[in-house]
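Secondary and tertiary structure notes
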Amino acid sequence: MPKKVKHRKWHKGRARGKRIATDKNEVDFGAYGLKVMETAWITSRQIEAARRAMTRFVKRGGKIWIRIFPDKSRTNHGNESVMGGGKGAVDHYIAVVKPGTVVFEMDGIDEATAREALRLASHKLPAAAKFVKKY
């Protein structure tokens, strides 16, 4: 969750066309990474669940980088609220992710361990992801 935001409520936005990531699309910090292959809204809870899965598998060894940050607010109204009455209150925060974005990176462990840890993390995310190595 961001400490401070310029606008409390955002427009929803649309994911149209072939919008491929132009930044954060290569492994920069670690030796191994997890690249998302679809457009997705990843919530802060999903990022935390994936981080915990990786950390638990490597038994707190190595180093993990999280390359995305949930800074877009999502609002929620009641289920049976009538039309009108304005936009709902901020419910949670999401990170908008384009295909090709490297979401997590790891270093300080062997490739087999990193591959399995990132595979476990990918199951926590709402989009298909693949294991990548630094070039």
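Keep in mind that what you see is a predicted model, and the values were worked out from it rather than measured.

Calculation rules
- Residues numbered from 1 in each chain as written.
- Predicted model: local features only at pLDDT ≥ 70, side-chain atom pairs only at ≥ 80, totals over all residues.
- Heavy atoms only, no water.
- Phe/Tyr/Trp six-rings, centres within 6.5 Å; stacked < 30°, edge-to-face > 60°.
- Helix = DSSP H or I, 4+ residues; strand = E, 2+ residues; numbered from the N terminus.
- Buried < 20%, exposed > 50% of the residue type's maximum accessible area, 1.4 Å probe, protein only.
- Lys NZ or Arg CZ within 6 Å of the ring centre and 35° of its normal.
- Axes fitted to C-alpha atoms, helices over the stretch in contact; angles between N-to-C directions.
- Parallel < 35°, antiparallel > 145°, perpendicular 65-115°, else oblique.
- Left-handed = near helix turned anticlockwise from the far one by under 90°.
- Contact = heavy atoms within 4.5 Å.
- Nonpolar A, V, L, I, M, F, W, Y, C, P; charged D, E, K, R; others polar.

Looking now at the packing of aromatic side chains. On inspection of all chains with the given rule, the structure shows two aromatic pairs. Here the aromatic rings of F29 and W65 are separated by 6.1 Å at their centres, their planes lie at 20 degrees, and the arrangement is stacked. Placement of F29 in the segment before strand 1 (32–36) and of W65 in strand 3 (residues 63–66) is noted, with a sequence separation of 36 residues between them. According to the relative accessible area criterion, W65 is partly exposed, its value standing at 22%. Aromatic pair Y32 and F131: ring centres 5.6 Å apart, planes at 25 degrees, arrangement stacked. Taken together, the residues span a long stretch of sequence, with Y32 in strand 1 and F131 in strand 7 (residues 129–133) at a distance of 99 residues. A residue is classified by how much of its surface remains accessible, and F131, at 19% relative accessible area, is buried. Just above the ring of W65 sits the side chain of K63; from NZ or CZ to the centre is 5.1 Å.

Further remarks concern the packing of helix 1 (residues 44–57) against helix 2 (residues 111–122). Where helix 1 contacts helix 2, the two axes come as close as 8 Å, and the packing angle between them is 150 degrees. Relative to helix 2, the element helix 1 lies roughly antiparallel. Helix-helix and strand crossings are classified by hand; for helix 1 and helix 2 the assignment is right-handed. Contact with helix 1, carried on its side by A50, A53, M54 and F57, involves T113, E116, A117, L118, L120 and A121 of helix 2 and no other residues of that element. Class assignment for the residues of the contact of helix 1 with helix 2 results in eight nonpolar, one polar and one charged.

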